[in-house]
Amino acid sequence: MLNIGAVVVYLEDNNMIRRKWYYQSKCTLASVTSSAKLLESNDQSYVHHVGDTPLIYRNIGQHLRVAAQQFANNEAMISCHDAKRLTYAEVLDKVDRLAASFYQLGLKRNDRIAIWTPNSATYYLTTLAAARAGMISVGINPAFQLPELQYALNKVGAKALVATEGFRSRNYYTMLKQLIPELEGSSKANLKSAEVPSLRSVIMDTVGHSLEGTITLQDLYLLAADEETSQIETLQSSIAPDSGACLLLTSGTTGKPKAALLSHYALVNNGVHAAYRTKLDSEPRRLCVQVPLFHVFGKVFGTMAALQSGSTMVFPGEGFNVRESLEAVAKHKCSLIYGTPTMYVDLLKEYVKSNIKQPTIDIAMIGAAACSPQLVDDIQSVLGVKQVLVGYGMTELSGASFMSDRGDPSEVVYDTVGRLMDHCEAKVVDGEGNTVPFGTPGELWIRGYGTMLGYWDDDLKTKEIITGNRWLRTGDQFVLRPDGYGAVVGRMKEVIIRGGENVFPKEIEDILNAHPKIIEAHCIGVPDERMGEEICAYVRLKEPAEENFIHLDDINHFCREKIAHYKVPKILRIVEQFPKTTSGKIQKFKLLEMYLNKDRK
C-alpha cells in the first residue's frame, strides 16, 4: 500500500474560502512506484472503492430476523405522536402477523401494497411486513392530493392501500370516497374501483371504529392464525435478495414522479454501510428521524441502518415540526439526527429562541440536498453537535453513493459530499460520455449494487438513465478527486447560461448563505432578452423583512470580491418560505413559476 500523504488540489476559487482540498489516499501499488507516477497514469475521473466489509446476500426479511435475534430487547422504534414503542422482538412478531394476514386478504407474491401514512409505527411495520411476505411496498407521500394519489396507485397497479385516517387537516377517508365512491357498500377484500382498477383492499389505521368498505389495521392482524403466521419464516428462503422490495416515487421536483424499484440486496447493503459511517456499529443509538420514511433517506439511514445496529428510531411527529424535533431529542436523548439542509435551517432558528435544553448530540447527518459551509458551521457552533456528516445519493441508487467517512477532518464536510461508498464505482464524463480528468466538472455516473432494478412500467425512462453496461446517469454536475471524494457543482438542468457563461447556482448560494441577514438562499436562471438568462436570488431572512430588510445593492457588495461579476445576482426576491417537496428538496421550477407569474401581472 502506498500512502500519498497530504496532497493539495487547487480549483478555480474566485476568491472563495475553503477551496483548498487536503486529502490522504491509499492506493494499491501495481506497476507504479511513486505517487507522481500513480496520479499521472490514472488521471481520468474514475474511482472504484472496494471496501473492507463484504456485501451481504440477504433479503430484508432475513435481515429483520437477524436483528430480532441479536437485539431482541432493544427498542426498535419510538413514535412520539401516537405514543407507541416496540422492541425488535415485538416488531418481528407484529410484522409476521401482518405479512400472513396480507395473504388472507388474497394478496400474492410481488403484489404492490401502497402505504399512505406519515412516519409512524404503521408505516414502519407495513413496509417490513410487505418485504417478509415477498410483496412490494409503495411509499406514498402523505401530502399527495387526490390526482397525485390516483396517479401513483395506477402507476404501480396497487392491490392494497394502507392509510391512516387523516394527516394534519385532511381526512383521508373522505378523500378516498371521492376517488373511490365504490367504497360505500363494497366488501372489505373485493373492492372494484373504476378509477383505480387494480385496487382490491383498503386498510385504515383507525382506533375503536371501522369505516365502510375498509378493514381496520387491528382487524387485519387477526386474520391469520398462528400456524399461518409461522409459515412466513419458512417463506424467506424463497425470496431472492435480488428481487424488488419497494417502489419509491421520485420527488417530483420536475414533472410527474417515476416509481423506482429497489431490491432487497441494495437496501440491506446500503443500510449496512450507512450504519458503519455513522458509527452505529460502535453502539446502538437513538436516532431522531426527521426525514420521511417514504423517502430513500429515511428508508436506508432510518429503517435499514437501525436494523443493522440495533438502534432506536425516534419519530418526533407526523410531519416535520421543529418544536417537536427539539422536544423529541431532549426527551429521548437522541445522539444522532437526520435531516435535510432546510430542516436544519429551521431547527437552528427555533433552537435559538426556545428554552429546550438539548443533550450532547454526537452526529448530525445532512442529506437529500446540497449543504452550505455556513450551515455546517452553525450546526456545530449553535447546536453543539460534535460532528457533521454529509452525503449524496438518489432514490435510483437505493440511498447514499457518497458520504463522509470515519475520521474525516471537518474540511471534508465544507467542500465535498464525502467519499464514494464501499463496493461502488464512480466516474465523471463530458457531454459525449467521455471520462474527464480529475478536478474537471462533468456529469456523475455511478455503477454498483445500489442501482435500481428500473422504473416501474417505464422501460424508455429506465434506458434513458441506465446505460447498457449498468452505469446510472445522475444528471448532477460533479467534481471527482483521486481519493474518492467528490463535490456537487449543481444539477445539469439547473445550470444558468448567462451570456454564454455557465453559472452553477450552488456556488452563489454558498456565498449568500454566509450573509449575516440571510438564513437560506436559492438561485435560478430567469429569461432575459439580452443575456439569454439572468441570475435571480430568492432569499429567506433571519428576521422579518421589515426589521431586517436587504437590498440588491447589499447583495452586490457582499458578493463583489468573492465571485466573478457575471455570477453576482442581478435580481433579488425575498420570501418567507420556499416551495419544497415533503422530503425537503427545493422545487426550483416553482420559483421560476413564481417569478414569471409576478412579472406578468
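Predicted model, so just to flag it, every value in this text is computed and none were measured. (Residues numbered from 1 in each chain as written. Predicted model: local features only at pLDDT ≥ 70, side-chain atom pairs only at ≥ 80, totals over all residues. Heavy atoms only, no water.)

Q: Just to check I follow, could you spell out the nonpolar core for this structure?
A: Nonpolar side chains in soluble globular proteins tend to end up buried together. Ranked by size, the top nonpolar core spans 100 residues in total, and within it V91, F102, Y124, I203, F301, Y338 and F402 carry the most contacts. Counting residues per element, this core draws most heavily on helix α4 (residues 121-133), at nine residues. (Core = buried A, V, L, I, M, F, W, Y, C linked by side-chain atoms within 4.5 Å. Buried < 20%, exposed > 50% of the residue type's maximum accessible area, 1.4 Å probe, protein only. Helix = DSSP H or I, 4+ residues; strand = E, 2+ residues; numbered from the N terminus.)

Q: Teacher, can you tell me more about the pattern of salt bridges here?
A: Any two side chains of opposite charge can pair, on the condition that their charged atoms come close. Counted under the stated rule, the structure contains 28 salt bridges. Salt-bridge contacts for E233 lead to R65; the nearest nitrogen and oxygen are separated by 3.2 Å. Remark: R65 occurs in helix α2 (residues 60-70) and E233 occurs in helix α8 (residues 226-235); sequence separation between them is 168 residues. In this structure, R540 and E520 form a salt bridge, with 2.9 Å as the shortest nitrogen-oxygen distance. Here E520 lies in strand β31 (residues 518-528) and R540 lies in strand β32 (residues 532-541), a separation of 20 residues in the sequence. The class for E520 is buried, based on a relative accessible area of 6%. (Salt bridge = Lys/Arg side-chain N within 4 Å of Asp/Glu carboxyl O.)

Q: Please clarify how the packing of aromatic side chains should be interpreted in this entry.
A: Both the distance between ring centres and the angle between the ring planes are used here to describe each pair of aromatic rings. Under the defined criterion, the tally for this structure stands at 11 aromatic pairs. Arranged with centres 5.8 Å apart and planes meeting at 50°, the rings of F297 and Y338 form a pair that is tilted. In this pair, F297 sits in helix α10 (residues 296-309) while Y338 sits in strand β19 (residues 336-339), placing the two residues 41 residues apart along the sequence. A relative accessible area of 6% places F297 in the buried class. Here K94 stacks its cationic end above the ring of Y221, 5.3 Å away from the centre of that ring. In this structure, K562 is placed above the aromatic ring of F558, and the distance from its NZ or CZ to the ring centre is 4.2 Å. (Phe/Tyr/Trp six-rings, centres within 6.5 Å; stacked < 30°, edge-to-face > 60°. Lys NZ or Arg CZ within 6 Å of the ring centre and 35° of its normal.)

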